[in-house]
Amino acid sequence: MSPPFRWLLSLTLALALTGCSEESSEEDAGTRLDAGSTLDSGTSVDAGASEDSGTTLDSGTSDADAGTRDAGDPSSQDAGSGSSDAGPQADAWDGGAETLPELSDWLTPPLYSECSLTLPTGSPITDCKDLSLFDLSSCPAGAFDTLESVGTYHLLGRGLSGYVTVSYGLTLPFDGAPGTLNGRPLTRQSVGPGSFVFSTSFAATPPYIPARDFTFVGCTRPEPRRVNGCYVQCADGKVRSQGTFTALRPSWGRGESESSGGLTLHGEASVPLGFPVDVYVAKDHAYVVAIGDKADAGGLAVFDVKNRSKPVLTKRIQLPGDSYWNGVWAKGDALYIASTKAGVIVYDISNPADPQYMRAVPGEAIAVHTVHVQGDRLYAMAPEPASQTLLFDVTSPLSPVLLNRVTVSGEWGGPHDATAYGDRLYINSTSSGFVAFDVSNPEHALELGAYVFGRQYAHASAVGTFAGRTIAFEGGEGVNAHLRVLDVTDPANMRLIGEYGLRPHFSIHNMILKGTKLYIAYYHEGVRVLDVSVPPKPREVAYFNTFLETQPGRSSGMFEGAIGIRVPGDGYVYVVDTARGLLIFNEL
């Protein structure tokens, strides 16, 4: 199995172990939120059969940007100077904070519906699409009389164990084309006025997962954009699993408008590549990388952004056989691209509109997922073929020199991202947690401690100094994953001191710390800006909802929407949206 696919399997297995629920209170969500109630929140998920859950993409890098530098210099986005990047405190925080209990991302919601399968799990079954096997006596007549036959739905299923065990995306195209579940064609489709029933089949994924058939039957419609019901999964002629589900047709949550708090869209440009995921800004140019999909290969798109209201595409770069470009960073005349085939690809951007290929490091087949630069150090997070973080000397930016390979103790999920701050490197090591290293001597990096909890999927972070304390903002990925605020002053004893989250269906992808503001790319929830001057109590001050289901290129996957973000200090915020492409906002 090639490195990218082995890494994707690790991600899906991690998601499959994350039990969550929807239709839950904020207490159920394990978050102490300042965001108010979640109008559409309902259930949160464990992406149980997430080996089938479509595009499991996650990209980009996390910056802990320090202060304001010359935005024309690529080093203006280098993260973590080691000095306080929190700026003056509007409401002085004395550094004190209660240690909060870790509730993890597990949830055990009540049944979503009273309907059920009449056969016990393990029973022989002839036809998984046989509706007579469902007890629908509790389902009210007329529940779906006004239901539309088009749109996208996020399905979250609660198994008999009480945990959410299914997370799927249903797409019913607006042009009337046949529907799909996670990209697989429906074998039965009766969704519209009077009915919410569909089935599909998934091929086997040897050696562990057999071919499976699914049927979902709606029962109630508790909200105009929500359907609750029951489902069955069949394999090898038997009932493999069953339970109840909730299906949310996404909209802007909590009754929100498009934007609030003064965050304004100034410019927008589509990205002529597969699935855009990350952006870096240098020399008045935005460099957007993308992962290949069914429609197009991945690669690099270069935009001239001197006029922020009218980004101009100057070049598109793609390399044959290398279509999974997931992270990007620049230093001086060098542009570094994370490739799952070649490691770190180095381009010369002395002419910023026309990057020229130089080399790939470390010169071997290795899957690098993200890249991060601090000062003269380049960090490359490589989950495959062996989980490791590569440390390079980039004193000569176009000629990186490998210094070391760092591995987290007990790691199996692989590093996703990392933030360098002072002499410490904080690695988001997926299933192994949020791990701190002393890298003052890069050739002898020392593991200092970690923040770990059950079924964790540490994904992105930003780090700064507040009231003399080193504070990390750490975000997971997956259903009910959210922002955790950690006091990491003593890395051997990291403490949870605050949290922030929105609808448990959708998680954070990336974040940037600028002064006392934290800018978050929050998938379906768009761009969120938090005032973190008092870290235990992050407060949302602005947002922009980038997601609409009717936008061209939208899918029903959970990893859709705002995915990559940069705040280079030039007065603007650069965001990558998976369907819309490059978006440019004003910095607050």
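This write-up is about the structure you can find in this document. Only a predicted model underlies this, so the values are computations on that prediction, with no experimental measurement involved.

**Observations concerning the state of the cysteines**
Scanning all chains against the criterion turns up three disulfides. In this model, C115 is linked to C230 through a disulfide, with the two sulfur atoms separated by 2.2 Å. Its torsion about the S-S bond being -130°, the disulfide of C115 and C230 is classed as left-handed. With a gap of 115 residues between them, C115 in the loop between helix 1 (3-16) and strand 1 (116-117) and C230 in strand 9 (residues 226-235) connect regions that are remote in the sequence.

**Quick look at the pattern of salt bridges**
Across all of its chains, the model carries 29 salt bridges by this definition. With its nearest N and O atoms 3.0 Å apart, the salt bridge here joins R469 to D487. Taken together, the residues span a long stretch of sequence, with R469 in strand 30 (residues 469-476) and D487 in strand 31 (residues 483-487) at a distance of 18 residues. Overlapping salt bridges bring together R254, E256, R503, E525, R528 and E540 as one network.

**Quick look at the sheet that holds strand 5 (residues 180-181)**
Strand pairing in a sheet relies on backbone hydrogen bonds. The paired strands run either parallel or antiparallel. With antiparallel pairing, the eight strands of this closed barrel are ordered in space as 3-4-5-6-7-8-9-10. Here strand 3 (residues 151-159) runs beside strand 10 (residues 238-248); their pairing, made up of six bridges, is antiparallel. Looking across to strand 10, one finds that G159 is bridged to G243.

**Points about unusual backbone geometry**
Looking along the chain, the bond that leaves P206 and enters P207 is cis, with omega of 5°. Here P207 lies in the loop between strand 7 (195-202) and strand 8 (212-223). Between V361 and the following residue, P362, the backbone shows a cis peptide bond with an omega angle of 10°. Here D284, not a glycine, exhibits a phi torsion of approximately 60°, which is positive. With respect to the helices, strands and loops of the structure, D284 is situated in the loop between strand 13 (275-282) and strand 14 (285-291). Within the chain, N480 stands out as a residue other than glycine whose phi angle is a positive 70°. Topologically, N480 is positioned in the loop between strand 30 and strand 31.

**Description of the sheet that holds strand 32 (residues 495-500)**
Strand order in the open sheet formed by four strands is 29-30-31-32, and the pairing between neighbours is antiparallel. Unpaired on one side and paired on the other, strand 29 (458-466) and strand 32 mark the two borders of the sheet. Strand-to-strand twist in this sheet, taken as the mean axis angle between neighbours without regard to direction, amounts to 25°.

**Things to note about the pairing of strand 25 (residues 417-421)**
Counting buried residues along strand 25, five of its five residues qualify, which places the element largely inside the surrounding structure. The two faces of strand 25 match: D417, T419 and Y421 on one face and A418 and A420 on the other face are all buried. Note: strand 25 against strand 26 (residues 424-428), five bridges, orientation antiparallel. Within strand 26, the position partnered with A420 by the bridge is L425.

Rules used in this analysis
- Residues numbered from 1 in each chain as written.
- Predicted model: local features only at pLDDT ≥ 70, side-chain atom pairs only at ≥ 80, totals over all residues.
- Heavy atoms only, no water.
- Disulfide = S-S within 2.5 Å.
- Helix = DSSP H or I, 4+ residues; strand = E, 2+ residues; numbered from the N terminus.
- Salt bridge = Lys/Arg side-chain N within 4 Å of Asp/Glu carboxyl O.
- Pairing = 2+ DSSP bridges.
- Axes fitted to C-alpha atoms, helices over the stretch in contact; angles between N-to-C directions.
- Buried < 20%, exposed > 50% of the residue type's maximum accessible area, 1.4 Å probe, protein only.

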